[in-house]
Amino acid sequence: MFRALRPVLARPSATVRTCVLLVLLAATGIAILELVREQTGTPGFFVGLGLALLPVAPLMAAFRWLGRAAPAPWPQLLFCFGWGACTAALIAILANNFATEWIAAATADPSGADHLGSIAIAPVVEESAKAAAPLLVFVFRRRHFTGPADGFVVAGFTATGFAFTENILYLGNAFVQDLADGTGVLDSVTAATFFVRIVLSPFAHPLFTVLTGLGVGAAAVSARRSRRIGLPLAGLALAMGMHALWNGSSQFGDDGFYVMYVCVMVPMFGLLVWLAVRIRHRRLRAVAGELALYAAAGWLTPAEVPALASMPARSLARALARRSGGRAAGRAVARYEADAAALALLRNRARRGGALREADFAGRERELLNRLWQRRATAGPALARAAVMEELLPPWFDPLAPAAAADVPPPRREERWADRREDRREDRREGRWEDRRQERRRSRRPEPSLRRSDPWTPATPAGPSSIRPCVLPGGDGVR
C-alpha cells in the first residue's frame, strides 16, 4: 500500500495543489485584513478600502490587454492578484515590522531604523514575496508561460494586488490622523496620500515587479540553463534596485520625490509601455507565421489566419458569433481563438529551441488541435467573415466562393465519359499519354499514413482519422 501511495505523496496532483493554494490564500487574506483593520481602525479600514479600489480595475484591464494575444486563464490571474494582496502583503508587513524593530533596538535610533528599513529591507522583502507568484506559475503552469508577455501580465496582476493592500493601510492611517487633527478635506493627509499613491504613482509597484516577470518570461523561452537561472535573478535584482531608489527619494530633499518621479519613474514607465506594445505586436506576428503552416496543412482555412492575428478581427468574430448563435457561440469562438494562439506560440517556442521537449510538444499540439476541430464549425465562418469586414484579405478574396460552386449539379455520366475520351485523345496528340498514365497509377495508390508534426518541419494533420481535415458538403471549408 505504501508503494502504491508513494507516487501520489511524491508529486501531489493538480487538485491537491489547488486546494493547498486556496487554503493558503484564504488564511493569509483573513490574517492581513484583520492586521490592517487593527492598525487603521474600522472607519479608516473602510475608507482606505474604498479609495484603494479605484486604480485596481484600470491596472488589471491594462495588463489583460497586453495578454489578449494569448490570454492566460482568469483563475491563474486571480490567483496572482490574491497572492499579492494577501500572502505577499502579509509576509512584507510582518518581515518589515520585525526588521525595523530589530534595527531600532540594535541602534537605539527609531527614526534611522525606519529610513534604513524602507531603503534596505522593504525592497528586498516585498519584491521577493511578490516574485513568488510568477515563479509558482512558471513551475506548475508552464504550458501557460510562453514568453516575456506572460511574465509581464502575471507580475502586473501580483503587484496590483500588493499595491491594493498597501494603499488600504496608508490611506486608512492617513484618515485616522485627519480625524484626530480635525483637518479639512483639501488640507488633509488623506488627500495628499491619495494624490501621490493613487493619482501620480499607481503603477509604481507594478513597474518594479514587472522587471522580475520579464526575467522569468525570458527564462521560459531560453534554451541555456545559465540564462534560465540568471535572467529571473537579474530581473529580481533590478526590481529591488528600482524599489530602493523610489523609497529613498525622500532623502534627496523636499523635492526629491518629484525629481525622482519626473527623471526616473516617468521615463521608465514610458519605456515599459513601449516594450509592452512591442511584445504584443511580436506575439501577433508569431501567431500569424505559425498558424500559416497549419493553414497550409489544412487545419485552418486561409481566411482564419489574418483574423486570428488581428485583435479587432477577433473581437468582431466573437460579436458576430454571439449575434447569430448566442453567448454559447461567442464563448466557443473565444476559446477557439485562445487555443489557436496557444498552439502558434507553442510551436514557436519549440522551434526556437526552448525548454520544451519534443514529446511535450507533440502531446500538447494534439490536445490543442482536438479542441480546434471541436469548435471549427462555429468559429471558422465567424473568423472568415470578420477578416473580410476588417479588410484583412484582398478585395477579390471571397471565403464563401466554394459554397457557391457546390450548388452546381454534377455532370451526367455520359458527359463525364465523353470529356475523358476527349482528354485522352488530346494527350496522345501532345505526346503526354505515358505521363498521364503514370499519374493515374500514382493516384490509385493508397494514401500513406500522415506523420505527426514537429516544430522543425511543415505541419501535417496529426489527429486520428475522425478529425483529419476534409471538405465539408456544401463547400464550407475544412473541418
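All figures in this text were calculated on a predicted structure; none of them were measured in a lab.

1. Observations regarding the side chain of lysine 130
Examined against the element boundaries, lysine 130 turns out to sit in helix α5 (residues 110-140). Each residue touching lysine 130, except ones within four places of it in the same chain, is listed here: Ala88, Thr158, Ala159, Phe162, His205 and Thr209.

2. Some points on helix α4 (residues 74-107)
With 34 residues, α4 should reach 50 Å at 1.5 Å per residue; the first-to-last C-alpha distance of 47 Å fits that figure. Maximal helix bending in α4 amounts to about 40°, located at tryptophan 83.

3. Section: helix α6 (residues 148-181)
Across its 34 residues, α6 extends 48 Å between first and last C-alpha, which sits within 8% of the 50 Å expected from 1.5 Å per residue. Among the 34 residues of α6, 25 are classified as buried, and the element is accordingly described as predominantly covered.

4. Brief notes about the packing of aromatic side chains
Enumeration over the complete set of coordinates arrives at 12 aromatic pairs. Summarising the aromatic geometry, the rings of phenylalanine 45 and phenylalanine 46 are spaced 5.4 Å apart at their centres and angled 80° between planes, so their arrangement reads as edge-to-face. Judged by relative accessible area, which is 55%, phenylalanine 46 ranks as exposed. Site record: aromatic cluster; members linked through ring pairs are Phe203, Trp246, Phe257, Tyr258, Tyr261 and Phe269. Its end group placed over the ring of phenylalanine 162, lysine 130 keeps NZ or CZ at 5.0 Å from the ring centre. The residue whose ring lies beneath arginine 197 is tyrosine 170, and the NZ or CZ to ring-centre distance is 4.3 Å.

5. A word on the nonpolar core
In this structure, Phe152, Phe157, Leu207, Trp246 and Met265 are the most contacted members of the largest nonpolar core, which totals 59 residues. For this core, the elements supplying multiple residues, two or more each, are α2 (14-52), α3 (56-66), α4, α5, α6, α8 (204-220), α9 (225-247) and α10 (256-297). No other element matches α4, which puts 12 residues into this core. Counting 39 residues, the second largest nonpolar core, distinct from the first, contains Tyr294, Trp299, Ala321 and Ala387.

6. Examining the packing of α4 against α6
Closest axis-to-axis distance for the α4/α6 pair is 7 Å, and the angle between their directions is 45°. With respect to each other, α4 and α6 are oriented oblique. For α4 against α6, the interelement crossing comes out right-handed. Note on element contacts: α6 touches α4 through Val153, Val154, Phe157, Thr158, Thr160, Gly161, Phe162, Phe164, Thr165 and Leu169, opposite Trp74, Gln76, Leu77, Cys80, Phe81, Trp83, Gly84, Ala85, Ala88, Ala89, Ala92 and Ile93. Residues that form the contact of α4 with α6 fall into these classes: 16 nonpolar, 6 polar and no charged.

7. What to know about the confidence of the model for the protein chain
When the pLDDT values of the protein chain are averaged, the result is 79; 76% of them are 70 or greater. Counting contacts from residues 443-452, a segment whose pLDDT is below 50, to residues more than four positions away or on other chains yields 9 contacts. In this model residues 461-479 is a low-confidence stretch, pLDDT under 50, and it forms 44 contacts with partners more than four residues away in sequence or in other chains.

Cut-offs and rules
Residues numbered from 1 in each chain as written. Predicted model: local features only at pLDDT ≥ 70, side-chain atom pairs only at ≥ 80, totals over all residues. Heavy atoms only, no water. Helix = DSSP H or I, 4+ residues; strand = E, 2+ residues; numbered from the N terminus. Contact = heavy atoms within 4.5 Å. Expected span 1.5 Å × (residues − 1). Bend = angle between axes of the 7 residues up to and from the residue. Buried < 20%, exposed > 50% of the residue type's maximum accessible area, 1.4 Å probe, protein only. Phe/Tyr/Trp six-rings, centres within 6.5 Å; stacked < 30°, edge-to-face > 60°. Lys NZ or Arg CZ within 6 Å of the ring centre and 35° of its normal. Core = buried A, V, L, I, M, F, W, Y, C linked by side-chain atoms within 4.5 Å. Axes fitted to C-alpha atoms, helices over the stretch in contact; angles between N-to-C directions. Parallel < 35°, antiparallel > 145°, perpendicular 65-115°, else oblique. Left-handed = near helix turned anticlockwise from the far one by under 90°. Nonpolar A, V, L, I, M, F, W, Y, C, P; charged D, E, K, R; others polar. pLDDT = per-residue confidence, 0-100.

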